[in-house]
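# Structural features, examined
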Amino acid sequence: MNKNSSNTMALAPNTSNKRETVCIFGTGDFGRALGRKMIQSGYPVVFGSRSTQTSSLIPKGAEVFSHAEAAQKAAIIILAIQRQHYNFLIPLAEILRGKVLVDVSNNLKINQYPESNAEYLAQLVPGAKVVKAFNTVSAWALQSGTLDASRQVFVCGDDMEAKQMVMDIVRALGLTPVDQGSLLAAQEIENYPLQLFPMWKFPILLSLALTAFFFFYCLARNVIYPYVYENKDFSFFIAISIPNRICPIVALILLALVYLPGVLAAIIQLYRGTKYRRFPDWLDKWMLCRKQLGLVALAFASLHVLYTLVIPIRSFVRWRLGSQIISQALNNKTEPLNTTNAWLSDSYLALGILGFFLFVLLGITSLPSVSNNVNWREFQFVQSKLGYLTLILCTAHTLVYGGNRFLSPSSYRWYLPNAYMLSLIFPCIVLVVKFVLILPCLDKPLTRIRQGWERNPQYSE
Amino acid sequence: MNKNSSNTMALAPNTSNKRETVCIFGTGDFGRALGRKMIQSGYPVVFGSRSTQTSSLIPKGAEVFSHAEAAQKAAIIILAIQRQHYNFLIPLAEILRGKVLVDVSNNLKINQYPESNAEYLAQLVPGAKVVKAFNTVSAWALQSGTLDASRQVFVCGDDMEAKQMVMDIVRALGLTPVDQGSLLAAQEIENYPLQLFPMWKFPILLSLALTAFFFFYCLARNVIYPYVYENKDFSFFIAISIPNRICPIVALILLALVYLPGVLAAIIQLYRGTKYRRFPDWLDKWMLCRKQLGLVALAFASLHVLYTLVIPIRSFVRWRLGSQIISQALNNKTEPLNTTNAWLSDSYLALGILGFFLFVLLGITSLPSVSNNVNWREFQFVQSKLGYLTLILCTAHTLVYGGNRFLSPSSYRWYLPNAYMLSLIFPCIVLVVKFVLILPCLDKPLTRIRQGWERNPQYSE
Amino acid sequence: MNKNSSNTMALAPNTSNKRETVCIFGTGDFGRALGRKMIQSGYPVVFGSRSTQTSSLIPKGAEVFSHAEAAQKAAIIILAIQRQHYNFLIPLAEILRGKVLVDVSNNLKINQYPESNAEYLAQLVPGAKVVKAFNTVSAWALQSGTLDASRQVFVCGDDMEAKQMVMDIVRALGLTPVDQGSLLAAQEIENYPLQLFPMWKFPILLSLALTAFFFFYCLARNVIYPYVYENKDFSFFIAISIPNRICPIVALILLALVYLPGVLAAIIQLYRGTKYRRFPDWLDKWMLCRKQLGLVALAFASLHVLYTLVIPIRSFVRWRLGSQIISQALNNKTEPLNTTNAWLSDSYLALGILGFFLFVLLGITSLPSVSNNVNWREFQFVQSKLGYLTLILCTAHTLVYGGNRFLSPSSYRWYLPNAYMLSLIFPCIVLVVKFVLILPCLDKPLTRIRQGWERNPQYSE
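- In the nomenclature of an unreviewed UniProt entry, chain A is known as STEA4 Metalloreductase of Pandion haliaetus.
- Among the UniProt annotations of chain A, the heading Subcellular location (unreviewed entry) holds the following wording: "Endosome membrane".
- UniProt, in its Sequence similarities (unreviewed entry) section for chain A, records the words "Belongs to the STEAP family."

Structure (structure tokens):
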């Protein structure tokens, strides 16, 4: 009981070929699936159940006993039952003393109970060593063997030896145990399988809000205005033209918002003269979702690229090109090549291509398996140097696209500027402030602050 | 001998700096490469060989002895020889008693022998503890250190302590041991390095068959028909136009085939009233290769995107556009903008872009390192919700592309409908059946069945 | 002291819930961040410092003592101080005898000192067991918990037990320990965080040199020549037209350079008649950076694709198309379809699409998490078979693009051939030599040599 598997072997080599019996309380779906998997991995398994008659669903090779009997046969007991039935364990307290109790339960809602199921179990059966594990694995995955999603099994518990025993079982089942520390982590582990992309919530909501705002903005300027004043039906702009305005705008704003918190943090540190005070909460949260913001921005930028590349295939664009050429032909005149236009058109396209290319590179380096293979210096280099270069290129792309239209009054329909002008506000602020911050007179004290120097040491908490 | 490395240290601290001697039988390529790597990692290495004279190829620091002598010097013996020479071990049985014998051998064909090499070895030398390992690593990789492919070393064996010792060595060499269970797994481990994308075989063969069928179908309709009836030479359609018809068709059919087995499984479960009976074998196999089917579909969709985007650069398309414009100019008439056409053209392009975008997202989440970082709820959400949305968008893209051509008799050359009409059959079936299945009157019993409820409990096996 | 954590538990179960005290020398940024993280993970932490007064910055729960006192309270001492201050440890030698000393230091330059900091420490305090660890983790990452970059902690040391103890701590902090062997590896571990993509240096420098050369080459031919002889201003070609010539050329040359060393190695092996002699150093280095060469080539190919796809949107291209059509319309003639041109244009585009598609596939399989999931046979198949197919397709794409322009004298401005002709030299050499090498008369001896056969066994070293 007090030996983990490797010690068992070292001290008692004659038993080294046999794995220890594991007891499972509960013959429901998950209990049976786990039992079957354990038998396949060479563990003798006994089930503890209210009705001790062996059902045809119990995996072959397992025996069913009453809870008390089954518990006595094993050092590890896996509780595959729901929290509301845990009460039946109280009378078994004496039998469970010193045993390892593995809590695999999940809840239906995040933070459903004040304390985690595993902590509740530890209070109910104080003599047992409670370990939280297996709650992130689904019965279906165990059964079918198709572990396409994560093979990680989060494990936590106060007793290190008990945790080690459970982690050995996890490894033997072909899964990857991840030690999450003491039983205090159980709440988080129980919430984990209920989460649906929590880090992505804010970036996605923000991008949807921006999308909605710019959709109506562009609808007013580009569809309703010509319909009202020129009686032209451009409603089909909703399919491609307007999305192709919204996407680059949202992408550029989100990209600027990735770098804005870093700039704000630098200003706060400079103002406070120390790095040893916490940032405001909103800034901390913002900084933690920068990667997700950047990836959502990349998604919008990719859509912009696709929308742009199909332009020449669009029926409307072909019609417009044809009618321009025909009217020139009928007027018997040929326009000469406008070199300035050629320069503007080519350089805005080239800036966009290079910006998008670097953006995709940034996205690739944020893949978990790639970022795991770079050191901190390389990661910083990519995310900071290449990141700012991307922002500069994309901002320049938008500025050159505007060209000399900024001053033309025809760009202001209903006094509304072109949407892309609005998208330039945040990137320009970030770039200007960043440029100021890298001036030596500000960069030097900032570097010293970040190395631990304090202007007014009494400020420290 | 009965201590694994960590225990050795704990119990005998004065030896803690030394690794245990390892013996290698066989001085061939693999044996020498493994020996060199082990010496680099701090293991004393002795070779067992028929001729005991040290060759210049033996790595520096290793000694060569007769098999019997070498075996006596180490607790672990690595057999770097081929199965057909294993017989020489029989006379050494007494010396090998209790030793760990590591079988690294590979075969030339899958399932070449009735039992795995490691099991054969265990029968030959019953007193030894046989462990299968290292067969997935190549001599060249060990030598050059360029472990670009997998660093995983599959290990199996009946003796857990022996397996632990081998896994410690694997770790010390900078590789990742993966415990595959008892020696029964040796057959699978020996087959592993001989496999060539086994899960991809069916999806790729299916896609090639579909490609061949639709190639000849389109050839007949689009090249041979105009040649026969209109005497026009459109043979150059073979390069881009026909591939660009085949790719979207195959992609859409394969995408529908990803979701068809799930729908079939639901119907079978509803009909049987239980989830506790196995699906037919073909359905099980189909369900296991859905990821590969989806990725092949994504490859075809990507080709379709590339083929589509180069359309305006094609010499033929430029010629056609030019001659249309010229004929309009010569006839002195300008066509007005056809808003319906603009709507159809733009919305079919927009649907295609959004469908492809979601498809790529699905592909990215199926990367091993990404899917390892999501929980089951997130994985299900992406693969099921986003997956169906992708299927709906791609089907709608094809339907709108068709537009009102479905009814036009000119679309039926030789009574053959346009190829894309054929591609709509499977997606429409899947979507209609899925729609029926999410009606409450069917969804409720299905959910209950999937939670373990049975209509006729006697059905259970 | 001589027990690692798992043994502690096994032998002394009553202490199994408590982690061992850890001592940290140094209360700087990194020391404090590490201390805070360890306290969170359940380790009692004491700090050793010159001034023993508890500052407000010391993490809650930790105590501060003099160096000597602190060292006596723990079996593991983490040295979070810089190498130049190590001298103060000499008087503490007696107290440190038998303790585990963890060196976390980093240098400012690669190979700054003749011996690594950890080896220097081991010389200073010969009685202690020195382990190198944690130097790849940043204080900021520990503090903020945002371990987006690598979670790998490289560990090395001569004492295996001490190393095991440190690796247990690493695991408990939620990081991944990677055993790098003996203390000899410390130099490499200390250099690791200072590296900036060392494997990428040569491929990127080479590609930049090629880019510069071809930029001026194309500038001369396509901008300066027409300006001098035809007085036309094509300076805007610098934005897109010239990059779109440079990118495919550099991509094709780099792709050929990926396969050239393999071909050279085969020739050397055939000539020497043995595989047991080392290749020249430059060839070894070249072979080791083939993956990086290939990925840089893929980056250039991707840029080429983007530059090509925006062609029809360019203002210059639209103007040229329009003026061609207008001049035809004004001359009242319509050109018939040129089938040969249609064939050439379509097949060069189709070859390019297929080549790029396979190239992207190669790139995806080189992602760490993907290549970790394939066996050697599959990896070889993809990188060799698919790789050569990619090279063939891309070379054919360039050849067909040239079409019959190779012989036209107008292609030779200032006696300079078109840039793409230069790009064909390396790929054609590689393909021709490879074709010769797979002739049976050369392939057979080569295969035998690679299986270990030697023509003149005396050649072996």
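### Considerations on the overall build of chain A
- Looking only at helices and strands, one finds 19 helices and eight strands in chain A.
- Computed over C-alpha atoms, the radius of gyration of chain A comes to 32 Å, more than 25% over the 23 Å expected from 2.2 N^0.38 for 461 residues, which places it beyond the range of a compact globule.
- Along the first, second and third principal axes, the C-alpha set of chain A runs to 100 × 65 × 40 Å.
- Looking at chain A as a whole, 55% of its 461 residues are labelled buried.

### Concerning the packing of aromatic side chains
Residues and elements named next belong to chain A.
- All chains considered together, the criterion is met by 63 aromatic pairs over all chains.
- Arranged with centres 5.3 Å apart and planes meeting at 75°, the rings of Phe215 and Phe216 form a pair that is edge-to-face.
- Accessibility expressed as a relative area gives 54% for Phe216, which makes it exposed.
- Arranged with centres 6.3 Å apart and planes meeting at 40°, the rings of Trp282 and Trp286 form a pair that is tilted. Residue Trp282 and its partner Trp286 are located together in helix α11 (residues 281-288), separated by four residues, close to a single helical turn.
- Aromatic rings pair up to connect Phe234, Phe236, Phe237, Phe316 and Trp319 into one cluster.
- A cation over a ring is seen here: Lys73 above Phe65, with NZ or CZ 4.6 Å from the ring centre.

### Observations regarding the relation of the copies chain A and chain C
- For the pair chain A and chain C, the superposition axis carries a translation of 0.1 Å, the fit reaches an RMSD of 0.1 Å, and the rotation angle comes to 120°. With respect to symmetry, the two chain copies, as superposed, fit the operation of a three-fold axis. Proximity to the rotation axis, assessed at the C-alpha, singles out Ser369 of chain A in chain A; its C-alpha lies 3.1 Å from the axis.

### So, the relation of the copies chain B and chain A
- Take chain B, turn it by 120°, move it 0.1 Å along the axis, and it overlays chain A with an RMSD of 0.1 Å.
- Little of the interface of chain B is mirrored in chain A: 14% of its interface residues are interface residues there too.

### Focus on the UniProt feature "transmembrane region" (unreviewed entry) in chain A
- As annotated by UniProt and renumbered to match this structure, "transmembrane region" (unreviewed entry) occupies residues 204-229, 249-271, 292-313, 347-365, 386-407 and 419-442 of chain A.
- End C-alpha to end C-alpha, residues 347-365 of chain A measures 27 Å, and it is 100% helix and 0% strand.

### Description of the pattern of salt bridges
- Throughout the structure, instances matching the rule amount to 25 salt bridges over all chains.
- Between Lys132 of chain B and Asp103 of chain B there is a salt bridge whose closest N-O contact spans 2.7 Å. Pair noted here: Lys132 of chain B is in strand β6 (residues 129-132) and Asp103 of chain B is in strand β5 (residues 100-103), with a separation of 29 residues, a long-range link.
- Using a relative accessible area of 0% as the deciding quantity, one classes Asp103 of chain B as buried.
- The closest approach of N and O atoms between Lys232 of chain B and Glu230 of chain B, which form a salt bridge, is 3.7 Å.
- In this structure Lys232 of chain B comes out as partly exposed when scored by relative accessible area, which is 40%.
- Several salt bridges share partner residues, and in doing so they unite Asp103, Lys132 and Glu190 of chain A into one network.

### Examining the interface of chain A and chain C
- Listed by partner, the interface residues are 60 residues for chain A and 60 residues for chain C.
- The contact between chain A and chain C buries some 5,500 Å² in all, and 67% of this surface belongs to carbon and sulfur atoms.
- Scanning the region where chain A abuts chain C turns up one salt bridge.
- Here Asp346 of chain A ties to Arg314 of chain C by a salt bridge, and the two come within 2.7 Å at their closest N and O atoms.
- For the pair chain A and chain C, the interface holds seven residue pairs in polar contact (both at pLDDT 80 or more).

### Details of the sheet that holds strand β3 (residues 63-65) of chain C
All names here are of chain C.
- Ordered by their spatial adjacency, eight strands build an open sheet running β3-β2-β1-β4-β5-β6-β7-β8, and the pairing between neighbours is mixed. Looking at strand neighbours, the two that pair on one side only are β3 and β8 (176-179), the edges of this open sheet. Adjacent strand axes in the sheet meet at a mean angle of 30°, parallel and antiparallel pairs treated alike.
- Here helix α2 (residues 29-40) sits on the sheet and contacts β1 (22-25), β2 (45-48) and β4 (76-79); the angle it forms with β2, its principal contact strand, is near 165°.
- Sitting on the sheet, helix α5 (residues 117-124) touches β4, β5 (100-103) and β6 (129-132), and the angle it makes with β6 is about 170°.

### What about the nonpolar core?
- Membership of the largest hydrophobic core comes to 221 residues, with the highest contact counts inside it found for Leu391 of chain A together with Leu254 of chain B.
- If sequence neighbours within four positions are ignored, Leu254 of chain B has contacts with Leu206, Ser207, Leu210, Leu293, Val296, Ala297 and Phe300 of chain B.

### A word on the pairing of strand β1 (residues 22-25) of chain B
Residue and element names in this part refer to chain B.
- Side chains Val22 and Ile24 project from β1 onto one buried face, and the interleaved Cys23 and Phe25 project onto a second face that is buried too.
- Examined bridge by bridge, β1 and strand β2 (residues 45-48) share four bridges and lie parallel to one another. Across the sheet, Val22 pairs through a bridge with Val45, a residue of β2.
- With helix α2 (residues 29-40) bridging β1 and its parallel neighbour β2, the resulting β-α-β unit is right-handed.
- By the bridge criterion, four bridges tie β1 to strand β4 (residues 76-79) in an arrangement that is parallel. The residue bridging Phe25 from the neighbouring strand is Leu79, located in β4.

### Things to note about the interface of chain B and chain A
- With 58 residues of chain B at the contact, the number on the chain A side is 57 residues.
- Summed over both sides, the interface between chain B and chain A buries roughly 5,500 Å², with carbon and sulfur atoms accounting for 67% of that surface.
- Scanning the region where chain B abuts chain A turns up one salt bridge.
- Between chain B and chain A we count seven residue pairs in polar contact (both at pLDDT 80 or more) in total.
- Of all the elements in the fold, those that place two or more residues in the side of chain B that touches chain A are α7 (160-172), α12 (290-309), α13 (315-330), α14 (339-365), α15 (368-371) and α16 (376-402) of chain B.
- With 13 residues, α14 of chain B is the single largest residue contributor to the side of chain B that touches chain A.
- The class makeup of the residues in the side of chain B that touches chain A is 28 nonpolar, 17 polar and 13 charged.

### A few points about the domain arrangement of chain A
- On domain assignment, one finds that chain A holds domain 1 (22-194) and domain 2 (200-451).
- For domain 1 of chain A versus domain 2 of chain A, the distance between C-alpha centres works out to 50 Å.

### Quick notes on a nonpolar patch on the surface
Residue and element names in this part refer to chain A.
- Residues Ile224, Tyr227, Val228, Tyr229 and Trp414 make up a contiguous nonpolar surface patch of roughly 530 Å² in combined accessible area.
- Within the fold, Trp414 resides in the loop between α16 (376-402) and α17 (419-423).
- Here Trp414 falls in the partly exposed class, since its relative accessible area comes to 35%.

### Some thoughts on the confidence of the model for chain A
Residue and element names in this part refer to chain A.
- Here chain A averages 85 in pLDDT, and 91% of its residues register 70 or above.
- Model confidence for chain A, summarised as mean pLDDT per element, is weakest for helix α1 (residues 5-11) at 33 and strongest for helix α12 (residues 290-309) at 96.
- A low-confidence stretch, residues 1-17 (pLDDT under 50), is modelled with 39 contacts involving residues beyond four sequence positions or located in other chains.
- Model confidence for the complex: the whole-complex pTM is 0.87, and ipTM, which rates the interface, is 0.85.

### With respect to the UniProt feature "domain: Ferric oxidoreductase" (unreviewed entry) in chain A
- Per the UniProt record, "domain: Ferric oxidoreductase" (unreviewed entry) is annotated on residues 249-394 of chain A.
- Segment residues 249-394 of chain A splits into 81% helix and 0% strand. End C-alpha atoms: 10 Å apart.

### Concerning the packing of helix α11 (residues 281-288) of chain B against α12 of chain B
Residues and elements named next belong to chain B.
- For the pair α11 and α12, interaxial distance at closest approach is 4 Å and the crossing angle is 50°. It follows that α11 is oblique to α12 by the angle criterion. Contacts between α11 and α12 involve Trp286, Met287 and Leu288 from the former and Arg290, Gln292 and Leu293 from the latter.
- Partitioning the contact of α11 with α12 into residue classes produces four nonpolar, one polar and one charged.

About the criteria used
- Residues numbered from 1 in each chain as written.
- Chains lettered and ligands numbered in written order.
- Predicted model: local features only at pLDDT ≥ 70, side-chain atom pairs only at ≥ 80, totals over all residues.
- Heavy atoms only, no water.
- UniProt positions renumbered as here; feature names shortened; annotations may be inferred.
- Helix = DSSP H or I, 4+ residues; strand = E, 2+ residues; numbered from the N terminus.
- Rg over C-alpha atoms; globule rule 2.2 N^0.38 Å.
- Buried < 20%, exposed > 50% of the residue type's maximum accessible area, 1.4 Å probe, protein only.
- Phe/Tyr/Trp six-rings, centres within 6.5 Å; stacked < 30°, edge-to-face > 60°.
- Lys NZ or Arg CZ within 6 Å of the ring centre and 35° of its normal.
- Least-squares fit on C-alpha atoms with pLDDT ≥ 70 in both.
- Contact = heavy atoms within 4.5 Å.
- Salt bridge = Lys/Arg side-chain N within 4 Å of Asp/Glu carboxyl O.
- Buried area = accessible area lost by both parts, 1.4 Å probe.
- Polar contact = N/O pair within 3.5 Å; in protein donor to acceptor, adjacent residues only side chain to side chain.
- Pairing = 2+ DSSP bridges.
- Axes fitted to C-alpha atoms, helices over the stretch in contact; angles between N-to-C directions.
- Core = buried A, V, L, I, M, F, W, Y, C linked by side-chain atoms within 4.5 Å.
- Right-handed = clockwise from strand over helix to strand, strands pointing away.
- Nonpolar A, V, L, I, M, F, W, Y, C, P; charged D, E, K, R; others polar.
- Domains from an automatic or database assignment.
- Patch = residues over 30% accessible without salt bridge, like charges linked within 9 Å, V, L, I, M, F, W, Y side chains within 5 Å.
- Areas by Shrake-Rupley, 256 points an atom, 1.4 Å probe, with all protein chains shown as cover.
- pLDDT = per-residue confidence, 0-100.
- Parallel < 35°, antiparallel > 145°, perpendicular 65-115°, else oblique.

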